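# Coordinates in review
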Amino acid sequence: MSLKEARLIRRLRERDERAFREMVEEHRDRVYNLTFRMLGNREEAEDVAQEVFITVFKSIDAFRGDAKLSTWLYRVTANHCKNRIKYLARRQDRNRAELTERTELSSSSGTSTGAPKPSPRPDVQLQGAEMEQILQRAIASLDDDQRILVVLRDIEELSYEEICAITELPEGTVKSRLHRARMALRKKLLKHM
Amino acid sequence: MATPEDKPKSHDELEAMLSDYVEGALSEAEAAEVEAHIQSCSECAEAASELGKTVSALASLNRVAAPDEFPNEVAETIRRRSAGRFFGKRTLGDRVPLELLAIVALALALILYFLLRGSETGSLKPFGPEHQRPPIPESSQDILTP
């Protein structure tokens, strides 16, 4: 852990509001992107992302500092997402099929922070947005354990070391589960490629 | 005598290595093994190609940004739920940026300096009847005169 991060954590433990805002600013997109890709819905993603930061701030004293703050944030986010998915699945009026149906086009909302993909032609642009929706729907069809690995590895581009620290799984399990997830995604995306 | 490493891998074992192969995470020997298998197995060749496209497609997904108001909303939620008790007592430095306080303090110090420097009395108090030095009484002796 860097000196800067250690200082931030000390200030967070002192309930320093400014430190809290610094932490949120630095990690907001990381947390939000993970929640959105896991839940496929902006409202749910925003709600869960808020809860993540609240949980982190409330339990900062329990953070041992043996991992990076981002690793811990990802771990808390993954757990919150899984709990929310279970909660939504249990609800009678909001089953998982509906969740995959309600995935939104993130690129159409104008809030993407990734480098814009060059698409001068309208039909090419539509393909990009359509592909994003198809991808998101495919991701949402995976079970939670596979979904989190695909998001962390293939979207967030984290190392296996970090993924193992976040999921607390051995590398072999992460890799085999990820492979099965990609094979499942490949089947769903076949006709679109 | 063949070691476990020398024993040829099964189709399932090689297929399980396709993700690592696509990511370029295999050793040279392992990659060569997978490539040799792909040459003779159309199913795995197709799977490797499609896996590559899948991973590329996923990597092309833009990162979705949190709404601009997100930090304020989180802070407000904490404040509301804790009835304002959760965050530490806000000092002047929390309400007003420290940089601004430093600039104001420096400006005040400079003003004071120039006022004192331009003052005839060497203080901020101007000359006036009530501030004139009282005259020395004639009866008082110069202590240096014997």
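In the block above lies the structure referred to throughout.
It should be emphasised that the depicted structure is a prediction, and the values quoted were computed from it without experimental measurement.

We now examine helix 8 (residues 160–167) of chain A. Buried residues of helix 8 of chain A: Tyr160(A), Glu162(A), Ile163(A), Cys164(A) and Ile166(A), and no others. Of the surrounding elements, those touching the buried residues of helix 8 of chain A are helix 4 (69–90), helix 7 (144–155) and helix 9 (171–189) of chain A together with helix 2 (18–23) of chain B. Backbone geometry just downstream of helix 8 of chain A places Glu168(A) in the positive-phi region, at approximately 55 degrees.

Residue and element names in this part refer to chain B. A contiguous nonpolar surface patch, about 470 Å² in accessible area, is contributed by Leu-100, Val-104, Leu-108, Ile-111 and Leu-115. Counting through the fold element by element, Leu-115 comes out in helix 7 (residues 98–118). The class of Leu-115 is partly exposed, set by a relative accessible area of 48%.

In this section: helix 9 of chain A. Across its 19 residues, helix 9 of chain A extends 26 Å between first and last C-alpha, which sits within 8% of the 27 Å expected from 1.5 Å per residue. Regarding helix 9 of chain A, the residues found buried are Val174(A), Leu178(A), His179(A), Ala181(A), Arg182(A), Met183(A), Leu185(A), Arg186(A) and Leu189(A).

Attention now goes to the interface of chain B and chain A. Residue-level contacts link 43 residues of chain B with 52 residues of chain A. Note on chain B versus chain A: buried area summed over both sides is about 4,300 Å², and carbon and sulfur give 57% of it. One salt bridge connects Asp20(B) with Lys175(A), and the closest N-O pair in it is separated by 3.7 Å. For the pair chain B and chain A, the interface holds 16 residue pairs in polar contact (both at pLDDT 80 or more). For the side of chain B that touches chain A, the secondary-structure elements that each account for two or more residues are helix 1 (11–16), helix 2, helix 4 (42–59), helix 5 (70–81) and helix 6 (92–95) of chain B. With ten residues, the top contributor of residues to the side of chain B that touches chain A is helix 5 of chain B. A breakdown of the residues in the side of chain B that touches chain A according to their chemical character gives 23 nonpolar, eight polar and twelve charged.

With their axes 10 Å apart at the nearest point, helix 2 (residues 17–39) of chain A and helix 5 of chain B run at an angle of 135 degrees to one another. Judged by the angle between their axes, helix 2 of chain A and helix 5 of chain B are oblique. For the pair helix 2 of chain A and helix 5 of chain B, the crossing hand works out as right-handed. Here Glu17(A), Phe20(A), Arg21(A), Val24(A), Glu25(A) and Arg28(A) of helix 2 of chain A come into contact with helix 5 of chain B, specifically with Phe70(B), Pro71(B), Asn72(B), Val74(B), Ala75(B), Ile78(B) and Arg79(B). In the contact of helix 2 of chain A with helix 5 of chain B, the residues fall into seven nonpolar, one polar and five charged.

Attention now moves to the pattern of salt bridges. Under the definition given, this model contains 25 salt bridges over all chains. Between Arg28(A) and Glu25(A) there is a salt bridge, with the nearest N and O atoms lying 3.1 Å from each other. Taken together, the residues Arg28(A) and Glu25(A), both in helix 2 and three residues apart, mark about one turn of the helix. Owing to a relative accessible area of 45%, Glu25(A) belongs among the partly exposed residues under this scheme. Here Glu51(A) makes a salt bridge to Arg81(B), at a shortest N to O gap of 2.6 Å. Here Glu51(A), found in helix 3 (residues 42–58), pairs with Arg81(B), found in helix 5, and the two come from separate chains. Among the charged side chains, a salt-bridge network with shared partners connects Glu17(A), Arg21(A), Glu76(B) and Arg79(B).

Let us look at the packing of aromatic side chains. Tallied over the entire structure, the rule returns four aromatic pairs over all chains. Seen from their ring centres, Tyr113(B) and Phe114(B) are 5.2 Å apart, and the 65 degrees between their planes marks the pair as edge-to-face. A relative accessible area of 45% means that Tyr113(B) is categorised as partly exposed. Looking at Arg42(A), its charged tip hangs above the ring of Phe36(A), at a distance of 5.1 Å from the centre.

The rules behind the values
- Residues numbered from 1 in each chain as written.
- Chains lettered and ligands numbered in written order.
- Predicted model: local features only at pLDDT ≥ 70, side-chain atom pairs only at ≥ 80, totals over all residues.
- Heavy atoms only, no water.
- Buried < 20%, exposed > 50% of the residue type's maximum accessible area, 1.4 Å probe, protein only.
- Helix = DSSP H or I, 4+ residues; strand = E, 2+ residues; numbered from the N terminus.
- Contact = heavy atoms within 4.5 Å.
- Patch = residues over 30% accessible without salt bridge, like charges linked within 9 Å, V, L, I, M, F, W, Y side chains within 5 Å.
- Areas by Shrake-Rupley, 256 points an atom, 1.4 Å probe, with all protein chains shown as cover.
- Salt bridge = Lys/Arg side-chain N within 4 Å of Asp/Glu carboxyl O.
- Expected span 1.5 Å × (residues − 1).
- Buried area = accessible area lost by both parts, 1.4 Å probe.
- Polar contact = N/O pair within 3.5 Å; in protein donor to acceptor, adjacent residues only side chain to side chain.
- Nonpolar A, V, L, I, M, F, W, Y, C, P; charged D, E, K, R; others polar.
- Axes fitted to C-alpha atoms, helices over the stretch in contact; angles between N-to-C directions.
- Parallel < 35°, antiparallel > 145°, perpendicular 65-115°, else oblique.
- Left-handed = near helix turned anticlockwise from the far one by under 90°.
- Phe/Tyr/Trp six-rings, centres within 6.5 Å; stacked < 30°, edge-to-face > 60°.
- Lys NZ or Arg CZ within 6 Å of the ring centre and 35° of its normal.

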